[in-house]
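An overview of the molecular structure
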Amino acid sequence: MEKVSEKPVLETAVGWLDSRGCLSYRLLEVQAGTGYGKRQYNILAELEEVCCYRLITLFSYLSLCSIIMHPCKDILISCGEDRLWKVVGLPKGNVLLTGFGHTDWLSDCCFHPSGNTLATSSGDTTVKLWDLSKGNCILTFEGHNHAVWSCTWHSCGDFVASSSLDTTSKIWDVNSERCRCTLYGHVDSVNSIEFFPGSNTLLTGSADKTLSVWDARTGKCEQSLYGHMHSVNDATFIPRGHMIASCDACGVIKLWDFRKLLPIVSIDVGPSPGNEVNFDSSGRVLAQASGNGVIHLLDLKSGQIHKLMGHESEAHTVVFSHDGEYLFSGGSDGTVRTWS
């Protein structure tokens, strides 16, 4: 990381209400302890708040596409271009288990609610389920025509959903080992998919610039959300509450009211693409992995935006520890980095 100059400069942001009453942000360079802007929010930042993020490289491989936290234990799962998934112990970063079986890069992974089974999606067009006690593949779902970008597990543990470059999403029945239904509606690659916690509602983000909300029981699209001007690369639900966060290929983050299905905030941290967004467990802080290697942290209470710099190239994925004390990021430089 670059050394801090004698006169510290913080990357933060100022927010204001535009003519439509929407909250907007613009990145500014602000000398520590100063602030300016129109209808200004609290952007006063102490240098210590930024410097407390400490960079540690846990391990290096080929480009990493996804890292996730185990639902109960202090372990990470990583996956990427080496076609492998790895169980990583924390805090040392030692690899505890490696799984292989895909014939192309891995794009995403997600845990069964119990934490005993893993689902992975891949460029080989398949979704695989794995027994984490042994590292063995126990089931392969085939049916997509192109690369599978994302996967998500229903809270009951009986269904896995996936999204693909073939413009469709699929819901897989783990018990019958078959595709339950295919979701049609997007007209370009479906880049992300996620179940709303404890419900039958699915959220997808697509290169057609839209987000869609689906009823997983019927496979029908209930609502599409418009507002992004570029490909939506990722979308996620807040852990508790009714908010959606999404990011696009030009670095715009949007927050949406899930109950009203309306935009709340638009935040431009571009022009580098936003690759993934994730909330901490409290729902107060949102992290975005960016194409220029920067991790953006948005404090939803204060409106402050901080930049974490350390990756040597594109950052692909971010996830918080359960207590929110640590942030993990991975990218094309082949490293997982811990920020504390």
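This section reports on the structure supplied with the text. Remember, predicted model here, so these are calculated numbers, not experimental data. (Residues numbered from 1 in each chain as written. Predicted model: local features only at pLDDT ≥ 70, side-chain atom pairs only at ≥ 80, totals over all residues. Heavy atoms only, no water.)

1. Notes on the nonpolar core
Residues Ala245, Ile253, Leu255, Ile267, Phe279 and Leu286 are the most contacted members of the largest nonpolar core, which totals 13 residues. Looking at this core, the elements with two or more residues in it are strand E21 (243-248), strand E22 (252-257), strand E23 (262-268) and strand E24 (274-279). Residues contacting Ala245, with those up to four places away along its chain left out, are Asp234, Ala235, Thr236, Lys254, Leu255, Val277, Phe279 and Leu286. (Core = buried A, V, L, I, M, F, W, Y, C linked by side-chain atoms within 4.5 Å. Buried < 20%, exposed > 50% of the residue type's maximum accessible area, 1.4 Å probe, protein only. Helix = DSSP H or I, 4+ residues; strand = E, 2+ residues; numbered from the N terminus. Contact = heavy atoms within 4.5 Å.)

2. Things to note about the environment of Ile171
Structurally, Ile171 can be placed in strand E14 (residues 169-173). For the pair formed by Ile171 and Cys151, sequence separation is 20 residues and the distance between their alpha carbons is 9.6 Å. Setting aside residues no more than four positions away along its own chain, Ile171 makes contact with Phe159, Val160, Ala161, Arg178, Cys179, Arg180, Cys181, Leu183, Leu202 and Ala216.

3. Regarding the pairing of strand E6 (residues 84-89)
Summarising burial for E6: five of the six residues are buried, a large majority. Of the pairings in the sheet, the one linking strand E5 (residues 75-80) to E6 comprises five bridges and is antiparallel in character. Bridge pairing in E6 places Cys79 opposite Trp85. Counting the residues in the hairpin turn of E5 and E6 gives three residues, including Arg83, whose phi is positive at 70°. The sheet contact formed by E6 and strand E7 (residues 95-100) spans five bridges and is antiparallel. Looking across to E7, one finds that Lys86 is bridged to Thr98. Between E6 and E7, which pair antiparallel and follow one another directly, the connecting turn spans five residues, one of which, Gly93, has a positive phi of 85°. (Pairing = 2+ DSSP bridges.)

4. Let's talk about the sheet that holds E7
Strand order in the open sheet formed by four strands is E4-E5-E6-E7, with antiparallel pairing between adjacent strands. Edge strands, defined here as strands with exactly one partner in the open sheet, are strand E4 (64-69) and E7. On average, adjacent strands in this sheet sit at an angle of 20° to one another, irrespective of strand direction. In this sheet, E5 lies alongside E4 in antiparallel orientation, the contact comprising five bridges. Across the sheet, residue Ser66 finds its bridge partner in E5, namely Cys79. (Axes fitted to C-alpha atoms, helices over the stretch in contact; angles between N-to-C directions.)

5. Some remarks on the sheet that holds E24
If you trace the four strands from one edge of the open sheet to the other, you get E24-E25-E26-E27, paired in antiparallel fashion. The open sheet has two edge strands, E24 and strand E27 (305-308), and neither has a second partner. Strand after strand, the sheet turns through a mean of 20° between neighbouring axes, direction not considered. In this sheet, strand E26 (residues 295-299) lies alongside strand E25 (residues 285-290) in antiparallel orientation, the contact comprising five bridges. Each bridged residue has a counterpart across the sheet, and for Ala287 the counterpart in E26 is Leu297.

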